[in-house]
Amino acid sequence: MKLWGGRFTKGTDKVVEDFHSSISFDRRLYRQDIRGSIAHARMLGKQGIISTAEAGAIVAGLEAILADIEAGKIEFDIGAEDIHMNVEKLLIERIGDTGRKLHTARSRNDQVALDIRMYLKEEINETIALLAKLQETLLDLAELHTQTVMPGYTHLQRAQPVTLGHHLMAYFQMFRRDIERLQDCYKRTDVMPLGSGALAGTTFPLDRESVAGELGFAEVSQNSLDAVSDRDFAIEFAAAASLIMMHLSRFCEEIVLWSSAEFRFIELDDAYATGSSIMPQKKNPDVAELIRGKTGRVYGDLMALLTVMKSLPLAYNKDMQEDKEALFDAVDTVKGCLLAFTPMVKTMRVNKETMARATLGGFVNATEVADYLAQKGVPFRKAHEVVGKLVLECIEKGKTLEELNIDEYQRVSPVIGDDIYDAINIDKCIAARNITGGPAPGAVADSIKQGRKWLSEIKGG
Ligand code: ARG
């Protein structure tokens, strides 16, 4: 008979039993479920709701079940529906009627909310640790490349010169925001729902704070209806994970481009690339592509969670059982991607010469010529037009700005002197952009220093 079978006169249809069982995926929550039950039982004992001896027997029984699950000795039962009832059923089988007292003053509705919150708190911390590792890699690489010049792009057209260090530090900032979003999501996950019961609290004198304390929660929930029907924290995580994936996918896209023969800015280590089954010459950036592709899955998880929760009347509805697979998938995917991505970036080889060469001949210093004229008093809009004409002339003659002689310069503007060649030197162009947040080696070194400080604080705290 089912643990809830009292008011039923016949068994569940076999199809329905398979259909509504969640044990195949929520078994993942066994540790949280048992830890939560142990805290609940201890508190019931302390409050005199059950006897201390009964509480002791329940705790010992649960600990033994935990050990057996961990040792692979337990086979879960689909008929017992989910992880909560599987554990309770095992407990009753082992310690008899005392086991039937565990569920006093509790519902699976507050129990499942507790389990997911405990699970997600751990996963948020692990995701933050993986992001921090990636950031450390970026800081180390950026430090090596504060002088490695490369074209910066807009519209994927060469625009202005930057350094690889500056480019990498852009990603550092994105991942910093990702960590901050996760830290923020953690705060709203860190709320203990037990005591909310099915929806309307309980008549028993529970000590909710002591359960929260034992399980390491910062606070207890303040409305029983909300506590059992809230999955905002899961949606927030999926949203934060979606942004992480979006950032990774942009980086991956650049890695794919940069490792192509057309760019040749980087070469991936053999351990992070794959070959083709037919074309012997190929070395494909599959890892980067797969991460780029998996971004779609995580967006899908976010949409699934949002859609499951849309329009649900308060409080718990069985629809909410659908939260788990999407959340687990978002967690697994983002962690798996970070695990593969960081060493791929760490081991890639940078072709400094190709990057530097790409800054020549593409007019990435045209803005500098316009700035030069503006500094000599020519209104910027006018200067822009003059340089536009110069670029056109260069294209017609097959020359670069560096290759124009002084007569050619002075023909378009008499204020141009010999110092123009200095002004358009790529290294000098970059060094001159010495503004907070700019690409000059000193400015990037400052941002690396700041980044290291921030990172060491979040690791400490
Ligand atoms: N397996 C269920 C879930 O994941 C647990 C809660 C069931 N509650 C209920 N009233 N049927 O949501």
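Before any of the text, the structure's been laid out above.
What you see is a predicted model, and the numbers here were worked out from it, not measured in a lab.

### A short note on the packing of helix H4 (residues 52-70) against helix H5 (residues 83-95)
As a packed pair, H4 and H5 sit with axes 10 Å apart at the nearest point and diverge in direction by 115 degrees. Crossing hand, H4 versus H5: right-handed. Of H5, the residues touching H4 (which contributes Ala-57, Ile-58, Gly-61, Leu-62, Ala-64, Ile-65 and Asp-68) are Val-87, Leu-90, Leu-91, Arg-94 and Ile-95.

### What about the side chain of Asp-323?
Relative to the helices and strands, Asp-323 is located in helix H12 (residues 323-347). Among the polar contacts made by the side chain of Asp-323, one reaches the side chain of Lys-324 at a distance of 2.8 Å. If we skip the residues at most four places from it in the chain, Asp-323 touches Ile-116, Arg-231 and Leu-305.

### Observations regarding the packing of aromatic side chains
Under the definition given, this model contains ten aromatic pairs. Plain terms: the ring middles of Tyr-171 and Phe-251 are 4.0 Å apart, the flat faces sit at 20 degrees to each other, and that makes the pair stacked. Here Tyr-171, found in helix H7 (residues 164-189), pairs with Phe-251, found in helix H10 (residues 232-258); they are 80 residues apart in sequence, far enough to count as distant. On the numbers, 6.3 Å between centres and 80 degrees between planes, the contact of Phe-172 with Trp-454 is edge-to-face. Separated by 282 residues along the polypeptide, Phe-172 in helix H7 and Trp-454 in helix H19 (residues 441-460) bring together distant segments of the chain. Using a relative accessible area of 1% as the deciding quantity, one classes Phe-172 as buried.

### Structural notes on the pattern of salt bridges
Counted by the stated rule, this structure contains 42 salt bridges. We note a salt bridge from Arg-176 to Glu-180, for which the minimum N-O separation is 3.3 Å. Highlighted residues: Arg-176 and Glu-180, both in helix H7, separated by four residues, approximately one helical turn. Between Asp-323 and Arg-231 there is a salt bridge; the shortest N-O distance is 2.7 Å.

About the cut-offs
Numbering of residues begins from 1 in every chain and follows the order in which that chain's sequence is written. Note on the predicted model: pLDDT of at least 70 is required for a residue's local features to be given, and 80 or more for side-chain atom pairs to be given and counted; whole-chain, interface and lining totals, by contrast, use all residues. Computation of side-chain values covers all heavy atoms of the structure but excludes hydrogens and water. A fitted line through C-alpha atoms represents every axis, and for helices the fit uses only the stretch in contact; the resulting angles, taken between N-to-C directions, go from 0 to 180 degrees. Comment: elements are numbered from the N terminus, with helices defined as DSSP H or I runs of at least four residues and strands as E runs of at least two. Take the far helix as your reference; a near helix turned counterclockwise from it by less than a right angle gives a left-handed crossing, and one turned clockwise gives a right-handed crossing. Whether two residues touch is decided by their heavy atoms; if any such pair falls within 4.5 Å, the residues are in contact. In protein, a polar contact means a hydrogen-donor-capable atom and an acceptor-capable atom, both N or O and within 3.5 Å, with residues adjacent in sequence counting only if both atoms are side-chain atoms; elsewhere, any N or O pair within 3.5 Å suffices. Between rings of Phe, Tyr and Trp, where Trp is taken as its six-membered ring, a pair exists when centres lie within 6.5 Å; planes separated by under 30 degrees are stacked, by over 60 edge-to-face, and by other angles tilted. Exposure classes here rest on a 1.4 Å probe applied to the protein chains alone. A residue is buried below 20% of its type maximum, exposed above 50%, and partly exposed in between. We define a salt bridge as a side-chain nitrogen of Lys or Arg found within 4 Å of a carboxyl oxygen belonging to Asp or Glu.

Nothing here speaks to function; it is all geometry.
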